[in-house]
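# Breakdown of the fold
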Amino acid sequence: MENLYITVAYRLSAIVDGKKEMLEEAPASHPFQFITGLGYTLPRFEQEIMQVEKGGHFAFTIPCADAYGERDEENVHQVSKSMFTGPDGQFDSENIFTGNIIMLNDPEGHQFYANVGEITADQVTLDLNHPHAGKDLTFEGEVIEKRPATNEEISQLVTAMSGGGCCGGGCEGCSGCGGDDEDGCEGGCGHCH
């Protein structure tokens, strides 16, 4: 199967507490770019987008089970605040604050993301669930580009997926986890697709 380079502008929302809540946006001025067949996006997202031609609009919902699954409260942990103190003994409040997504390493060297929750005098709550776990995700938008991917584009994305950068160069300044940057990179790096 041919790998396709696809660019989409979209709005992602979910029903939260009975109300439609916008979760992220990748506008046409800063669209989400991906290559099919590399496992970079949710399989259901890729499947839905593959059915839309360049210039076409889409609106679909990915059920929780086909997105990030249900929340698992066993993935919420309390850790000692001392884990986040520097050599000077000071707590790293610049990076460790409620709502921030941080990268951690396990003893085997595997990297994973955690959402920082409540911070008390001596503990930090870390949530290892995906931020959109437990939600049905609704995508609405337009396919801006859809064409065969070049070998260079595939190589760049593979490098980005293995920790060598963000989106093959399409997302300067992004943290690589879908976080915001000063240019409005929110969601444009594909962490929710």
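Here's what I pulled together on the structure shown here. Here the structure is a predicted model, which is why all the values come from computation and not from measurement.

### Section: the pairing of strand β7 (residues 111–119)
Regular strands show a simple pattern: their side chains alternate between the two faces of the sheet. Bridging between strand β6 (residues 101–105) and β7 involves 5 bridges; their strand directions are antiparallel. Bridge pairing links Leu104 to Phe112 in β7. In sequence, β6 turns back onto β7 through a hairpin of 5 residues, with Gly109 there showing a positive phi of about 90°. Of the pairings in the sheet, the one linking β7 to strand β8 (residues 123–127) comprises 3 bridges and is antiparallel in character. Pairing of Ile119 across the sheet is with Val124, part of β8. A loop of 3 residues connects β7 with β8, the two strands running antiparallel in sequence.

### Digging into the sheet that holds strand β5 (residues 76–80)
One open sheet holds the 4 strands; their spatial order is β5-β8-β7-β6, and the pairing between them is antiparallel. Two strands bound the open sheet, and with one partner strand each, they are β5 and β6. Adjacent strand axes in the sheet meet at a mean angle of 45° when their direction is disregarded.

### Section: the side chain of Asp127
With respect to the secondary-structure elements, Asp127 resides in strand β8. Setting aside its immediate chain neighbours within four residues, Asp127 contacts Arg71, Asn75, Val76, Ala114 and Asn115.

### A word on the nonpolar core
Within soluble globular proteins, side chains that are nonpolar tend to cluster in buried spots. In terms of nonpolar packing, the biggest core is built from 27 residues, with Val8, Tyr10, Phe32, Phe45, Ile49, Phe58 and Phe139 touching the most fellow members. Not counting residues up to four positions away in its chain, the partners in contact with Val8 are Ala26, Pro31, Phe32, Phe45, Ile49, Phe58, Glu142, Val143 and Ile144. Among the nonpolar cores identified, the runner-up in size contains 9 residues, and Phe84, Ile96, Val116 and Leu126 belong to it.

### Observations concerning the packing of aromatic side chains
For the coordinates displayed, the defined rule picks out 9 aromatic pairs. For the pair Phe32 and Tyr40, a centre-to-centre distance of 6.3 Å together with 15° between the ring planes defines the contact as stacked. Of the residues examined, Tyr40 reaches a relative accessible area of 15% and is grouped as buried. Three or more aromatic residues joined by ring pairs make a cluster, and in this case those are Tyr10, Phe32, Phe34, Tyr40, Phe45, Phe58, Phe60 and Phe139. Above the ring of Phe91, the side-chain terminus of Lys81 is found at 4.7 Å from the ring centroid.

Conventions and cut-offs
Residues numbered from 1 in each chain as written. Predicted model: local features only at pLDDT ≥ 70, side-chain atom pairs only at ≥ 80, totals over all residues. Heavy atoms only, no water. Pairing = 2+ DSSP bridges. Helix = DSSP H or I, 4+ residues; strand = E, 2+ residues; numbered from the N terminus. Axes fitted to C-alpha atoms, helices over the stretch in contact; angles between N-to-C directions. Contact = heavy atoms within 4.5 Å. Core = buried A, V, L, I, M, F, W, Y, C linked by side-chain atoms within 4.5 Å. Buried < 20%, exposed > 50% of the residue type's maximum accessible area, 1.4 Å probe, protein only. Phe/Tyr/Trp six-rings, centres within 6.5 Å; stacked < 30°, edge-to-face > 60°. Lys NZ or Arg CZ within 6 Å of the ring centre and 35° of its normal.

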